[in-house]
Amino acid sequence: MAAKKGHNPGSIREDLAQVDSELMRLLAKRCDLFDRHLQQRRAKSQSLSDPEMEKGLWQVWQKESRGSGLDERLLRRAFQLLNGLAYDRTERPPEKEFLLRPSQEPASVDLEGPRDRQLSRMWLALAAASGSSLRLERPVMNDALFELLRAFQQLGSRVSWDSAAVWTESGQAAVFNGKSVYVGGDALNLYLLVFMAALEPGSCKLTGSTRARLADLGPLFELLPRLGARGVSILPGNRGLPMRLESSGNPEEEIVLPEQASPELGLALVLSCGYFYAAKRGIRISWNQGSGWRRALEPACEVLSACGVELALESGSLSLAPGERELPRQPELSLDPELGAYLLAMPRFLGGRARLAGGFAEGSSRRGTVVRVLQAFDISLEEADEALVSRPDEPSEEEAEFDLRLAGWAVPLAVSLALAAGRGSLHLPPGNSSDFAIEAARELGAEFSFQGGLLRIASRPGDSGERLELASPDSGWSMALALIALVRPGIVLRNPGELRGDWPDFWTIYNGLPRPQDAFAARQEKGRKGHGSKRRRYIVE
């Protein structure tokens, strides 16, 4: 049947493009006005959150949408997302784009490896919530760690840190009842604080950044009654923060993880249940989503095992036995698999070698993923003298093929290595990271195909000599683009701050190639000259 006149697909697409163009202009104007209002509130030392204004604006949306046929539930979600864009712009400092111009000399990296970011915060949460003494050497001092430190500061815990360590002092456990605590925007921090708050009877309020406001906490609200608690979002129709938490401190003996629960929720739940709830009578946590949880819960099980907890991790459940628990005074932090992998991959792009003091956790599935990805793309990995050393091998004649569907965090690393090699077949999980992999391959001018979740890279990036501006969706992709720039110069990263907040030392390492250790040595020497021989110490009480 012929299309009706004036309604051919081409003209509809053009009309939609015109509407979207106007919509973007209006959206930018709305964010400008919203930002001006929020800046006025900030100048008066008022909270950025303005429920009264949001309520009034939502009434406008309801009035104007009558008769439109739009689903009000979805419309409210869109309203919250648009407000989130404005809040996010006000909270985030303006960024300067960064032209990636690294040295092309062979790598000679010799550094203390970055320590595991998740383990650092799980140890800190246990110590602060129990009022125990603990010291962590050389954690990654990033935004998420500082947000957790400041949250426990608000809760009365004694936490201190300097440039090389974080520690807690015994005697004062965190007190949640009657408190209002700001959790920031990190998901693991949020769930750690929620489950620690649910340990004792009482109530508290949790607020957070835009990321936490826009989070879907439906699975958390579903789970809390099994812990003898109840969570309610304070903003009508919202499923994120701010929320009020009420707890009886009386959990069930068997807990089933909600279908849509995130890995961060699972980690925090296992940690709090294993150390606190299960100590007297034991607890069993089960799930129905397949084998992915077994891998996801490994870090929490590693911490609990070091505290003397007897546990049995099976394909569909985790049993936590009762008994005494004891925090080690100074637990050893293993290397962060994701961050360490990008440093160990550098010789594949530059030649030379990379040596990281430290090691990955034995038996960790993430360790196995890193080793297999590096070896698949012809990088040899040697463990010697409590360090890992990587060097490039002779290129293999076989095309690397790797399944990343249960290791989405490794997608940027594997794609960057495939682009450097000019070939590779990668099975990708659905999601933003995989979508960006396709966008990046296209923008970089590489030959590739994508079908049924399989990305096939057939060439290295094309080098037109022109600048290519890209905004990464997360810090993993920022590191991947930094590596790709070693073989395709001229990449401009529009949002380097994402990675700076997650791993502050990365850009020092990158700009200091081929010998980043010299840059750190110069920084330490400058610090000694400027502040004397003593390390600066920060005490939060």
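What you see is a predicted model, and the numbers here were worked out from it, not measured in a lab.

Calculation rules
- Residues numbered from 1 in each chain as written.
- Predicted model: local features only at pLDDT ≥ 70, side-chain atom pairs only at ≥ 80, totals over all residues.
- Heavy atoms only, no water.
- Core = buried A, V, L, I, M, F, W, Y, C linked by side-chain atoms within 4.5 Å.
- Buried < 20%, exposed > 50% of the residue type's maximum accessible area, 1.4 Å probe, protein only.
- Contact = heavy atoms within 4.5 Å.
- Salt bridge = Lys/Arg side-chain N within 4 Å of Asp/Glu carboxyl O.
- Helix = DSSP H or I, 4+ residues; strand = E, 2+ residues; numbered from the N terminus.
- Pairing = 2+ DSSP bridges.
- Axes fitted to C-alpha atoms, helices over the stretch in contact; angles between N-to-C directions.
- Polar contact = N/O pair within 3.5 Å; in protein donor to acceptor, adjacent residues only side chain to side chain.
- Expected span 1.5 Å × (residues − 1).
- Parallel < 35°, antiparallel > 145°, perpendicular 65-115°, else oblique.
- Left-handed = near helix turned anticlockwise from the far one by under 90°.
- Nonpolar A, V, L, I, M, F, W, Y, C, P; charged D, E, K, R; others polar.

Q: Quick rundown of the nonpolar core? Include the residues and the values.
A: By size, the foremost hydrophobic cluster in this structure holds 78 residues, and its most contacted members are Phe195, Leu206, Leu224 and Met243. Beyond its immediate sequence surroundings of up to four residues, Leu206 is in contact with Val181, Val183, Leu193, Val194, Leu241, Pro242, Met243 and Leu245.

Q: So what's going on with the pattern of salt bridges? Residues and values would help.
A: Where charged atoms of side chains with opposite charge meet at close range, the side chains can pair. Here the structure, examined in full by the defined rule, presents 23 salt bridges. Across the pair Asp110 and Arg355 runs a salt bridge whose closest N-O atoms are separated by 3.0 Å. Here the residue Asp110 occupies a position in strand E2 (residues 107-112), and Arg355 occupies one in strand E14 (residues 352-357), the gap between them amounting to 245 residues. Exposure remark for Asp110: the relative accessible area of 33% places this residue in the partly exposed category. Judged by relative accessible area, which is 22%, Arg355 ranks as partly exposed. Asp502 is the partner of Arg117 in a salt bridge, and the nearest nitrogen-oxygen pair spans 2.8 Å. You can see Arg117 sitting in helix H4 (residues 117-130) and its partner Asp502 sitting in helix H17 (residues 497-502), a full 385 residues away along the chain.

Q: Describe the sheet that holds strand E7 (residues 202-207), listing the residues and the values that go with them.
A: One open sheet holds the 4 strands; their spatial order is E6-E7-E9-E8, and the pairing between them is mixed. The open sheet has two edge strands with one neighbour each: strand E6 (180-182) and strand E8 (229-233). Within this sheet the neighbouring strands show an average axis-to-axis angle of 25°, counted without direction. Bridge analysis of E7 against strand E9 (residues 243-247) gives 5 bridges, and the strand direction is antiparallel. Note on E9: the bridge partner recorded for Lys205 is Arg244. On the sheet, helix H6 (residues 187-197) packs against E7 and E9 and is oriented at approximately 35° with respect to E9.

Q: A description of the environment of Asp71 should follow, citing residues and the corresponding values.
A: Here Asp71 lies in the loop between helix H2 (51-65) and helix H3 (72-91). Only 2.9 Å separates the side chain of Asp71 from the backbone nitrogen of Arg73, close enough to count as a polar contact. There is a polar contact of 3.0 Å between the side chain of Asp71 and the backbone nitrogen of Leu74.

Q: Break down helix H13 (residues 365-376) for me, with residues and values.
A: Because an α-helix packs 3.6 residues into every turn, residues spaced three or four apart end up facing the same way. The end-to-end C-alpha separation of H13 is 16 Å, in line with the 16 Å expected for 12 residues at 1.5 Å each. Of the positions making up H13, those classed as buried are Ser365, Arg367, Gly368, Thr369, Val370, Val371, Val373 and Leu374. Packed against the buried residues of H13 are helix H10 (292-296), helix H11 (298-306), helix H12 (337-350), strand E15 (379-384), strand E17 (401-403) and helix H14 (411-421). One side-chain oxygen at the N-terminal end of H13 lies 3.1 Å from the backbone nitrogen of Arg366; it belongs to Ser364. Of the residues one or two after H13, Asp378 is the one with positive phi, at around 65°.

Q: Lay out the side chain of Asn495 with the relevant residues and their values.
A: With respect to the helices, strands and loops of the structure, Asn495 is situated in the loop between strand E22 (491-493) and H17. A distance of 2.8 Å separates a polar atom in the side chain of Asn495 from the backbone oxygen of Ser472. Once residues lying within four places of it in the same chain are set aside, the contact partners of Asn495 are Glu95, Leu470, Ala471, Ser472 and Ser478.

Q: Can you tell me about H14, naming the residues and giving the values?
A: Counting buried positions over the 11 residues of H14 gives 10, a clear majority of the element. The complete set of buried residues in H14 reads Val411, Pro412, Leu413, Ala414, Val415, Ser416, Leu417, Ala418, Leu419 and Ala420. Of the residues trailing H14, Gly422 is marked for its positive phi of about 80°.

Q: Could you give me a rundown of the sheet that holds strand E16 (residues 387-392), with the residues and numbers involved?
A: Spatially, the 4 strands line up as an open sheet ordered E2-E14-E16-E15, and their pairing is mixed. Strands at the two margins of the open sheet, each flanked by one partner only, are E2 and E15. Taking each pair of neighbouring strands and ignoring which way they run, the sheet shows an average axis angle of 15°. In this structure, E15 lies alongside E16, joined through 6 bridges in antiparallel fashion.

Q: Mind laying out the packing of H2 against H3, listing which residues take part and the relevant values?
A: Packed helices, taken two at a time, are described by the angle their axes make and the gap between the axes. Contact geometry for H2 and H3: axes closest at 11 Å, N-to-C directions at 140°. Taken as axis vectors, H2 and H3 run oblique relative to one another. You can see that H2 and H3 cross each other, and the crossing is right-handed. Residues Glu54, Leu57, Trp58, Trp61, Gln62 and Ser65 of H2 touch H3, and the partners they reach there are Glu72, Leu75, Arg76, Ala78, Phe79, Leu82, Asn83 and Tyr87. Class assignment for the residues of the contact of H2 with H3 results in 8 nonpolar, 3 polar and 3 charged.

Q: Account for the packing of H14 against helix H16 (residues 475-484), naming residues and giving values.
A: Running from N to C, H14 and H16 cross one another at 15°; their axes reach a closest spacing of 8 Å. In this view, H14 runs roughly parallel relative to H16, as classed from their interaxial angle. For the crossing formed where H14 meets H16, the hand is right-handed. Counted together, Val411, Pro412, Val415, Ser416 and Leu419 of H14 and Gly476, Trp477, Ala480, Leu483 and Ile484 of H16 form the full contact between these two elements. A per-class count over the contact of H14 with H16 returns 8 nonpolar, 2 polar and no charged.

Q: I'd like a description of the pairing of strand E20 (residues 454-457), backed by residues and values.
A: Pairing of strand E18 (residues 424-427) with E20 involves 4 bridges; the strand directions are antiparallel. In the sheet register, Leu426 faces E20, and the bridge partner there is Leu455. As paired elements, strand E19 (residues 448-451) and E20 share 4 bridges and run antiparallel to each other. Residue pairing in the sheet places Phe450 in a bridge with Leu455 of E20. Hairpin connection between E19 and E20: a loop of 2 residues separates the two successive antiparallel strands, and Gly452 in this loop has a positive phi of roughly 60°.

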